[in-house]
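Coordinate analysis (summary)
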Amino acid sequence: PERAMGRGRENPLCEEFDPLDPDCDTDYQAILFFPDKSCFVKSFEEKNPCDESLLPGHYTHASLYLCYDKVPKPGPTHADDLQRLEVTCATARFVEAVRQTMQIMRLLSFV
């Protein structure tokens, strides 16, 4: 496949949510991943077919961090959120471990 779509939401308290609950669908943001970039899109879980068009004012970026950094209308805690998401040695090791696990399991393969 040339792209993969996922969805995410902020959960700083690590609370358990039902990701398939239709009432929580708007809490999640759809993210479209390409082999070399990513972007926020309009799609919702309950809508069929999915809408892969970009959110207004959004563009594709080389990383998900940049997508979040460049949101057109950042919230009041945007700077704190970016600091929490900043790449550190520990997060880089974690991301590499996830990447290797996904590669072994072939969950996402752009080859």
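Above this text you will find the structure in question.
These notes cover the structure that comes with them. Small disclaimer: the values here were computed from a predicted structure and weren't measured.

Turning our attention to the overall build of the chain. When you go through the chain residue by residue, the secondary structure sums to three helices and three strands. When the helices and strands of the chain are placed in sequence order, the string is β-β-β-α-α-α. For the chain, the spread of C-alpha atoms along the principal axes amounts to about 35 × 35 × 30 Å. Within the span of the chain, comprising 111 residues, buried residues form 19% of the whole. A sequence separation of at least 24 residues applies to 39% of the contacts in the chain between residues at least 6 apart. As displayed, the chain has an accessible area near 8500 Å², and 57% of this comes from carbon and sulfur atoms.

Further remarks concern the side chain of Asp81. Here Asp81 shows up in helix H2 (residues 78-85). Apart from the residues within four sequence positions on either side, Asp81 is in contact with Glu10 and Tyr68.

A separate point is the nonpolar core. Core analysis: the largest hydrophobic core is formed by five residues, namely Ile31, Phe40, Leu55, Cys67 and Val71. Once residues within four sequence positions are removed from consideration, Ile31 is found in contact with Ala4, Met5, Gly6, Arg7, Gly8, Ser38, Cys39, Phe40, Val41 and Leu64.

Next up on the list: the pattern of salt bridges. Tallied over the entire structure, the rule returns three salt bridges. For Glu52, the salt bridge goes to Arg3, with nearest N and O atoms at 3.1 Å. Pair noted here: Glu52 is in the loop between strand E3 (38-41) and helix H1 (64-69) and Arg3 is in the segment before strand E1 (4-8), with a separation of 49 residues, a long-range link. By relative accessible area, Glu52 is classed as partly exposed at 33%. With relative accessibility at 41%, the residue Arg3 sits in the partly exposed group. We note a salt bridge from Arg84 to Asp81, for which the minimum N-O separation is 3.3 Å. Note that Arg84 and Asp81 are positioned in helix H2 at a spacing of three residues, about one turn of the helix.

What follows is about a nonpolar patch on the surface. There is a patch of nonpolar side chains on the surface, built from Phe94, Val95 and Val98 and spanning about 290 Å² of accessible area. Along the chain, Phe94 turns up in helix H3 (residues 89-105). For Phe94, a relative accessible area of 57% corresponds to the exposed category.

Thresholds applied
- Residues numbered from 1 in each chain as written.
- Predicted model: local features only at pLDDT ≥ 70, side-chain atom pairs only at ≥ 80, totals over all residues.
- Heavy atoms only, no water.
- Helix = DSSP H or I, 4+ residues; strand = E, 2+ residues; numbered from the N terminus.
- Buried < 20%, exposed > 50% of the residue type's maximum accessible area, 1.4 Å probe, protein only.
- Contact = heavy atoms within 4.5 Å.
- Areas by Shrake-Rupley, 256 points an atom, 1.4 Å probe, with all protein chains shown as cover.
- Core = buried A, V, L, I, M, F, W, Y, C linked by side-chain atoms within 4.5 Å.
- Salt bridge = Lys/Arg side-chain N within 4 Å of Asp/Glu carboxyl O.
- Patch = residues over 30% accessible without salt bridge, like charges linked within 9 Å, V, L, I, M, F, W, Y side chains within 5 Å.

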